[in-house]
Amino acid sequence: MKKVKLKVNEYNQKDIDDISKKFNLSDISSRILLNRNLRTFDEIEEFLDPDYKYFESAENYKDLQKGADRILEAVKNSEHMVVYGDYDVDGVTSICQFIILLKKAGASIEYYVPERETEGYGISSDFIELLKNDSIKADLIITVDCGIAEIEKMREISSLNKDVIILDHHQCKEELPEAYAIINPKQKDCPSKNKHLCASGLSFKFLTALNKHLKVQNIEDVLLELACLGTIADIVDLIGDNRIIAKNGLKKINNTRLIGLKKLMEVSGIKDKEIDSFHIGFIVAPRINAAGRMDTAKKAIKLLLVENENEAELLALELESLNLLRKKAESVIFDEAVKKIETEFLYRKNIIVVYGPNWHEGVLGIVASKLTEKYERPSVVISVKDNVGKGSARSLEYLDIFESFRAADSYLVKYGGHKLAAGLTIQEENISAFSNELNNYIQTQYEETSIKEIAVDSYVNVKDLNINLYDEICKIEPFGSGNPTPLLVLVKPSLKSIKKVGKDGNHLSFVLTDGSNDIPVIGFSKINLLEKILTKPYAYAVTLCLNEFNGRKSVQLILQNIEEDEFFEYNIDEEKLKMINSIINKTKSKIIKTDIFMLVEKLNKLYNTKITAEEIVCMLKKADNIQYALKDDMLYIKK
């Protein structure tokens, strides 16, 4: 694990004071806003109040009006349309927006979503065959969340005399596919300033512009709900138009008009919660995604389109079951991948490329994310079936994974994606060469460092952490990519009352204090940071959250990371050291293995004293004649 260095940006105090005075904010909140690259009062005002008056005009998007005019023509002439989309939340919510609006407008329209296992990502050969033999009737095809990389497939469709409108947000290659209209802000000649919209956000912008002509009443709030789901789930930067969609969409979702979404929130246990970006990203979205990952995305689409309450409940329960299956499959593949990575020392490479036979393709992206987090390396996870590998990649901020794939694309059948996530198809015999090529490319482009630098928003004192600060931070929501939950730094507070909690003892609970003020902290799955906490670290990186109990509200901290002190200083209590040595000397084995918290209890009971886990580990670290290791909560002492 790399050493962590917490980096706090410095700003001119006058700039901070001016923002604080203008918007009635604390210094801490003003620093957070400056860290979002907001420099003018106008930018800050738009950020704090993301109103539709700031929404970029649809006219700024290349081909958007051309595409809208073509659909208006199709509606007028009763042409049959097919909207083709991806099987993730972004694709599903894009499809649903088109179906809802155009059916209300009286259009002839249906949808097609490929099966992940048999057809894969993008325009499938099965779909083209259905077009060729007239099993699918389509005068106009609209692709959402896919299509921009499909040069050959689009050529085939064009040869069938079908018009295609591509609405996509993925990176464009040098050659663009043949299409009647291409709406993608990442095109070189697209003048739009909002380059980070996902397909669902683009669909919302497109359809609201289209509806100025269709004039369907009371529809745009429903479209906004769907756009908000896709925007948050697709982890695009929550700035500009994305922020407007997410902020206003969450208000609508809290009083949703979508029966299926309402039932899904009920079965997932958040019925009575104030729904925020966390609930969408970590509770709702995984369940919608589970349909396409484990079965068929059609079930998620039906759920979001359904108007019958009983049917909605049955579909919601089905998605809940599929999500449980997803978790099991993910766990199995993750364990197999870790075993292979550890055995073959793949974690030493610049990028981890790991593959296995018949791994479930639906969870490869999630496994790649978990491996990237565990090993602090970009990861590619590939499932091989019949000598063909299909994989997902996840990266870190320093590495553009799409560009990395481009540098090694001679080994790939096809690929697509963006900076932090990508997908690929590869022949099994090329995986090793592809891995070597990727590693060589990264070696020449990026220098390895032993320090993990983490940008944080502001230094804080324990006394600063109160309800007022929490309420101010809430004004900066919704949080996500491009607007992360504010990360705060406490420097050298004292530690009190640490213990492990949770069913498996993987979480930590403790109190930090300045001597006069205390603040509770919870470290979810942070048992691996126990030694750093117990050896007087330099600083704690934390986020602020609200704790409600018996109607009483208070703030607590969520531990994110630790920066160790470069110079460890500790004055040993000789009497307590004797107690530890007494335990060591009484043990017959050469290696003592004990749970650190059980050792604390044993020493306090045996010697009627008040020794803490912090004191034990600090003394062991300072003592010259004792060798020890603390792995999670398990302490090893060598005699």
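This text gives an overview of the structure that appears in the document. Please read these numbers as outputs of a predicted model, since none were measured by experiment. (Residues numbered from 1 in each chain as written. Predicted model: local features only at pLDDT ≥ 70, side-chain atom pairs only at ≥ 80, totals over all residues. Heavy atoms only, no water.)

## Notes on the overall build of the protein chain
Consideration 1: Regarding its fold elements, the protein chain presents 22 helices and 22 strands.
Consideration 2: Relative to a compact globule of 639 residues, whose C-alpha radius of gyration would be 26 Å, the protein chain shows 27 Å and is just as compact.
Consideration 3: On the principal axes, the C-alpha backbone points of the protein chain span a range of 90 × 60 × 50 Å.
Consideration 4: Looking at the 639 residues of the protein chain, the share that counts as buried comes to 54%.
Consideration 5: Counting only carbon and sulfur atoms, one obtains 46% of the accessible surface of the protein chain, whose full area is about 30,200 Å².
Consideration 6: Within the protein chain, the 99 negative side-chain charges are centred at a point lying 5 Å from the centre of the 88 positive side-chain charges. (Helix = DSSP H or I, 4+ residues; strand = E, 2+ residues; numbered from the N terminus. Rg over C-alpha atoms; globule rule 2.2 N^0.38 Å. Buried < 20%, exposed > 50% of the residue type's maximum accessible area, 1.4 Å probe, protein only. Areas by Shrake-Rupley, 256 points an atom, 1.4 Å probe, with all protein chains shown as cover. Lys, Arg positive; Asp, Glu negative; His and termini not counted. Charge placed at Lys NZ, Arg CZ, Asp CG, Glu CD.)

## Quick notes on the sheet that holds strand 2 (residues 80-85)
Consideration 1: With parallel pairing, the five strands of this open sheet are ordered in space as 3-2-4-5-6. One side of each edge strand has no neighbouring strand; the edge strands of this open sheet are strand 3 (108-112) and strand 6 (181-183). Pairs of neighbouring strands in the sheet enclose a mean axial angle of 15°, with direction left out of account.
Consideration 2: Across three bridges, strand 5 (residues 163-167) lies against strand 6 in parallel orientation. Looking at the pairing, Leu167 lines up with Ile183 of strand 6.
Consideration 3: Each of strand 2, strand 3 and strand 4 (140-144) touches helix 6 (residues 125-132); the most contacted strand, strand 3, lies at about 145° to it. (Pairing = 2+ DSSP bridges. Axes fitted to C-alpha atoms, helices over the stretch in contact; angles between N-to-C directions. Contact = heavy atoms within 4.5 Å.)

## What about the nonpolar core?
Consideration 1: Residues Ile71, Met81, Phe98, Leu102 and Phe206 are the most contacted members of the largest nonpolar core, which totals 76 residues.
Consideration 2: Tallying contributions element by element places helix 5 (residues 89-104) first for this core, with nine residues.
Consideration 3: Once residues lying within four places of it in the same chain are set aside, the contact partners of Leu102 are Ile71, Val75, Met81, Ala107, Ile109, Leu210 and Leu214.
Consideration 4: If you look at the next biggest cluster of nonpolar residues, it comprises 66 residues, including Val460, Ile583, Leu599 and Met619. (Core = buried A, V, L, I, M, F, W, Y, C linked by side-chain atoms within 4.5 Å.)

## Digging into helix 15 (residues 364-375)
Consideration 1: Under the 1.5 Å per step criterion, the end-to-end length of helix 15 is 16 Å for 12 residues, consistent within 8% with the ideal 16 Å.
Consideration 2: For helix 15, the complete set of buried residues consists of Leu364, Gly365, Ile366, Val367, Ala368, Leu371, Thr372 and Tyr375.
Consideration 3: Those residues of helix 15 hidden inside the fold are in contact with helix 12 (277-294), helix 14 (309-343), strand 7 (352-357), strand 8 (379-385) and strand 9 (388-394).
Consideration 4: Directly after helix 15, the chain includes Glu376, whose backbone phi takes a positive value near 55°. (Expected span 1.5 Å × (residues − 1).)

## Details of the pattern of salt bridges
Consideration 1: Considering all chains together, one arrives at 34 salt bridges under this definition.
Consideration 2: Here Lys62 makes a salt bridge to Asp189, at a shortest N to O gap of 3.7 Å. In this pair, Lys62 is assigned in the loop between helix 3 (41-48) and helix 4 (64-76) and Asp189 in the loop between strand 6 and helix 8 (199-214), connecting sequence segments 127 residues apart.
Consideration 3: The partly exposed category is assigned to Lys62, whose relative accessible area is 26%.
Consideration 4: Here Glu575 ties to Lys578 by a salt bridge, and the two come within 3.6 Å at their closest N and O atoms. Here Glu575 pairs with Lys578, and both are found in helix 20 (residues 574-586), just three residues apart, close to one helical turn. (Salt bridge = Lys/Arg side-chain N within 4 Å of Asp/Glu carboxyl O.)

## Some points on the packing of helix 1 (residues 13-23) against helix 3
Consideration 1: Here helix 1 crosses helix 3 at 50°, and the two axes come no closer than 12 Å. Classified by the angle their axes make, helix 1 and helix 3 are oblique. When you trace helix 1 past helix 3, the crossing you get is right-handed. Across from Asp18, Ile19, Lys22 and Phe23 in helix 1, the residues of helix 3 making contact are Phe41, Ile44, Glu45 and Leu48.
Consideration 2: Classifying every residue of the contact of helix 1 with helix 3 gives five nonpolar, no polar and three charged. (Parallel < 35°, antiparallel > 145°, perpendicular 65-115°, else oblique. Left-handed = near helix turned anticlockwise from the far one by under 90°. Nonpolar A, V, L, I, M, F, W, Y, C, P; charged D, E, K, R; others polar.)

## Some points on the packing of aromatic side chains
Consideration 1: By the definition in use, this model includes 16 aromatic pairs.
Consideration 2: Consider the rings of Tyr112 and Phe127, whose centres lie 4.9 Å apart with planes at 55°: the pair is tilted. Remark: Phe127 occurs in helix 6 and Tyr112 occurs in strand 3; sequence separation between them is 15 residues. Phe127 matches Tyr112 in its accessibility class, with the two residues each being buried.
Consideration 3: Between Phe345 and Tyr347, the ring centres sit 6.2 Å apart and the planes meet at 65°, which makes this aromatic pair edge-to-face.
Consideration 4: Members of the aromatic cluster, joined through ring pairs, are Phe402, Phe405, Tyr415 and Phe434.
Consideration 5: The ring of Phe47 is capped by Arg243, whose NZ or CZ atom sits 3.7 Å from the centre of that ring.
Consideration 6: For Lys370, the ring lying beneath its charged end belongs to Phe334, and the centroid distance is 4.6 Å. (Phe/Tyr/Trp six-rings, centres within 6.5 Å; stacked < 30°, edge-to-face > 60°. Lys NZ or Arg CZ within 6 Å of the ring centre and 35° of its normal.)

## Quick word on the side chain of Arg287
Consideration 1: As for its placement among the helices and strands, Arg287 is situated in helix 12.
Consideration 2: Each residue touching Arg287, except ones within four places of it in the same chain, is listed here: Leu264, Ser268, Leu319, Glu320 and Asn323.

## Some details on the side chain of Glu361
Consideration 1: Relative to the helices and strands, Glu361 resides in the loop between strand 7 and helix 15.
Consideration 2: Setting aside residues up to four positions removed in sequence, Glu361 forms contacts with Arg116, Glu117, Ser383, Lys385 and Lys390.

## With respect to the sheet that holds strand 9
Consideration 1: The strand order across the open sheet built from five strands is 7-8-9-11-10, with neighbouring strands paired in mixed fashion. Where the open sheet ends on each side, the last strands, each with one partner, are strand 7 and strand 10 (412-417). Pairs of neighbouring strands in the sheet enclose a mean axial angle of 15°, with direction left out of account.
Consideration 2: In terms of strand pairing, strand 9 meets strand 11 (residues 421-427) through seven bridges, oriented antiparallel. Residue pairing in the sheet places Gly391 in a bridge with Leu424 of strand 11.
Consideration 3: Against the sheet, helix 15 touches strand 7, strand 8 and strand 9, its axis set at about 50° to strand 9.

## Details of the environment of Leu207
Consideration 1: Here Leu207 lies in helix 8.
Consideration 2: Once residues lying within four places of it in the same chain are set aside, the contact partners of Leu207 are Gln97, Phe98, Leu101 and Leu223.

## A short note on the pairing of strand 9
Consideration 1: Sheet topology note: the strand 8/strand 9 ladder contains seven bridges and is antiparallel. When the bridges of strand 9 are listed, Ser383 appears paired with Lys390.
Consideration 2: Linking strand 8 back to strand 9 in an antiparallel pair, the connection comprises two residues, with Asp386 at a positive phi of about 55°.

## Here we look at the packing of helix 9 (residues 220-233) against helix 12
Consideration 1: Remark: helix 9 packs on helix 12, axes separated minimally by 9 Å, with the N-to-C direction vectors making an angle of 95°. One element, helix 9, and the other, helix 12, form an angle in the roughly perpendicular class. Across the interface between the two elements, Leu229, Ile232 and Ala233 from helix 9 touch Ser277, Ile280, Gly281, Val284, Ala285 and Ile288 from helix 12.
Consideration 2: Here the contact of helix 9 with helix 12 is composed, by residue class, of seven nonpolar, two polar and no charged.

In short, geometric facts, not functional conclusions.
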